[in-house]
Amino acid sequence: MLTILEFHNISKHGVGWTNVHPERFAEVLDLLLAETEVVSPVRYGMRFLDGHPDGHPRVMISFDDGYEEIFTTAYPIMKKRGVAGMVSVVAGYTGKTNLWDIGGGSLRHLYWHEIEALLDAGWSICSHTMTHPDLKRCTDDRLIWELTESKVLLERRLGIEMPAIAYPFGRFNARVIAATHRAGYKTGFTVGAERWHGVRGPLTIRRIPVYQIDPNALIRVKVAPDGLLKKLDAFKNRSFNKASLLTSFINRNRYKGIPGSTIL
Ligand SMILES: [Zn+2]
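Keep in mind the model is a prediction, meaning the values are calculated, not measured.

Basis of the calculations
- Residues numbered from 1 in each chain as written.
- Predicted model: local features only at pLDDT ≥ 70, side-chain atom pairs only at ≥ 80, totals over all residues.
- Helix = DSSP H or I, 4+ residues; strand = E, 2+ residues; numbered from the N terminus.
- Buried ≥ 20, exposed ≤ 12 C-beta atoms within 10 Å, placed from the backbone.
- Axes fitted to C-alpha atoms, helices over the stretch in contact; angles between N-to-C directions.
- Parallel < 35°, antiparallel > 145°, perpendicular 65-115°, else oblique.
- Left-handed = near helix turned anticlockwise from the far one by under 90°.
- Contact = placed C-beta atoms within 7 Å.
- Nonpolar A, V, L, I, M, F, W, Y, C, P; charged D, E, K, R; others polar.
- Pairing = 2+ DSSP bridges.
- Core = buried A, V, L, I, M, F, W, Y, C linked by C-beta atoms within 7 Å.

A. Representation of the overall build of the protein chain within the structure. Each helix and strand in the protein chain was counted, giving 7 helices and 8 strands. Counting every position in the protein chain, which comprises 264 residues, the buried fraction comes to 42%.

B. Spatial organisation of the packing of helix H1 (residues 22-35) against helix H2 (residues 68-80). Contact pair H1 / H2: the axes reach a minimum separation of 10 Å and the direction vectors enclose 30°. Comparing the axis directions of H1 and H2 gives the class roughly parallel. In the crossing of H1 with H2, the sense of the turn from one axis to the other is right-handed. Here Pro22, Phe25, Ala26 and Leu29 of H1 come into contact with H2, specifically with Thr73, Ala74, Ile77 and Met78. Among the residues forming the contact of H1 with H2, the class breakdown is 7 nonpolar, 1 polar and no charged.

C. Structural context of unusual backbone geometry. Even without glycine at this site, aspartate 65 takes up a positive phi of about 90°. If you trace the backbone, aspartate 65 turns up in the loop between strand E3 (58-63) and H2. Given 25 C-beta atoms within 10 Å, aspartate 65 falls into the buried group. Phi is positive for histidine 132, which is not a glycine, with a value near 65°. Residue classification places histidine 132 among the buried positions, given that 27 C-beta atoms sit within 10 Å.

D. Seen up close, the pairing of strand E4 (residues 86-89). Residues Met86 and Ser88 of E4 are buried on one face, and the alternating residues Val87 and Val89, pointing to the opposite face, are buried as well. In this sheet, E4 lies alongside E3 in parallel orientation, the contact comprising 2 bridges. Directly across from serine 62, in E4, lies its bridge partner methionine 86. Where E4 and strand E5 (residues 124-127) come together, 4 bridges link them in parallel fashion. Looking across to E5, one finds that methionine 86 is bridged to serine 124.

E. Quick look at the packing of H2 against helix H3 (residues 112-120). Their axes nearest at 9 Å, the elements H2 and H3 cross at an angle of 45°. The angle between H2 and H3 places the two elements in the oblique class. For H2 against H3, the interelement crossing comes out left-handed. Residues Glu68, Phe71 and Tyr75 of H2 lie in contact with H3, whose contacting residues are Glu114, Ala117 and Leu118.

F. Representation of the environment of arginine 58 within the structure. Its location among the elements puts arginine 58 in strand E3. Classification of arginine 58 as partly exposed rests on a count of 16 C-beta atoms within 10 Å. Spatially, the C-alpha atom of arginine 58 lies 4.6 Å from that of leucine 2, the residues being 56 residues apart in sequence.

G. Spotlight on the nonpolar core. Ile70, Val87 and Val89 are the most contacted members of the largest nonpolar core, which has 57 residues in total. Residue contacts for isoleucine 70: discarding those within four places in its chain leaves Ile10, Phe63, Tyr75, Val87 and Leu110.

H. Region of the structure containing the pairing of E3. Of all 6 residues in E3, 5 are buried, a share of seventy percent or more. As defined by bridge partners, strand E1 (residues 2-7) adjoins E3 across 6 bridges and the pair is classed as parallel. Within E3, the residue paired with glutamate 6 across the bridge is serine 62. The pairing of strand E2 (residues 37-38) with E3 spans 2 bridges and is parallel. By the bridge assignment for E3, glutamate 37 is matched with arginine 58.

I. How the structure looks around the environment of glycine 122. As for its placement among the helices and strands, glycine 122 is situated in the loop between H3 and E5. Between the C-alpha atom of glycine 122 and that of serine 40, which follows or precedes it by 82 residues, the distance is 8.0 Å.

J. Region of interest: the environment of proline 168. Take proline 168: it is sitting in the loop between strand E6 (164-166) and helix H5 (174-182). Judged by the 24 C-beta atoms lying within 10 Å of it, proline 168 falls in the buried class. For the pair proline 168 and leucine 135, spaced 33 residues apart in sequence, the C-alpha to C-alpha distance is 7.2 Å. Apart from residues lying up to four places away in sequence, proline 168 is in contact with His128, Thr129, His132, Pro133, Asp134 and Leu135.

What is shown is where atoms sit, not what they do.
This is the structure in C-alpha cells:
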C-alpha cells in the first residue's frame, strides 16, 4: 500500500497550520523510516494506483507549492536519511514570493537552479499550474492556460518531460480532469480533503496532508489502511483545506499575468 504524504513549507520561522518545523519534520521522517518503507518518486512510471497487494506500508513524501526552504531546509534533512521527494512547482512564481498564502506570510519560491539541483539529486518535480488558482473556478481559457503554459515552461526550462500535475488546493472536477488530460498530463495529484464521487484514476491520485499539529499517533493513522480514524483525520483535513481556499478568493485578482500571453 502506497501513501503519498503532502507537506507544504518546512521552516523554523514559518507560521500557519501548513508549516512544519524542521525538527518535527525530521521526527516524522524517522518515524516513517522506522515503520514503513519510504520510497523515492524517481520516475512517474511508478504505478501509484496498483495498491501493493502485499499490504506492506510504503510512503512517498511530497511538497506542495515549491517554497525555497524545501531546498535549503527539507532537502538536507532528507538527504541525510537517503530519501528523495517530489515538489509541485507553481511555474509562474519561480524565484518570486508567494501572493496567495496570507496565513503564512510572503514566502520565496524555489529558483530554477534549486529545482535543477533537486532533480540532479533524484527528486521529482510536477506542475502546480502557473499562478495557483482554484481550477474549478477558472474560465475555460484560463484553465487551459494554467495547465498548458506551466507544462511547457517547466519542460523548456528544465529539459525534462512534465507528465504530472498537483491541482492547487487539491481542487478538481470532471471539467478539470478532462482539460488536464487534453493538456497532455498522465498523472494528477489531489489531496484527500477533496470530495470526489467519480472513479479514481491516474488523474485523481490522493495525497494525505501532514500538519505541524499532527501527533505521531495520527501520522501512523495516515499511512495505515482505511479505517474510522483515517476518516476522522480526513474530516479535519477538509476543514483546514477549506480555510486555505479562502486565500484564493482573497487573492484571485492579484496575479498580473494575462491568460493567453506567454512569459517564456
Ligand atoms: Zn498549493
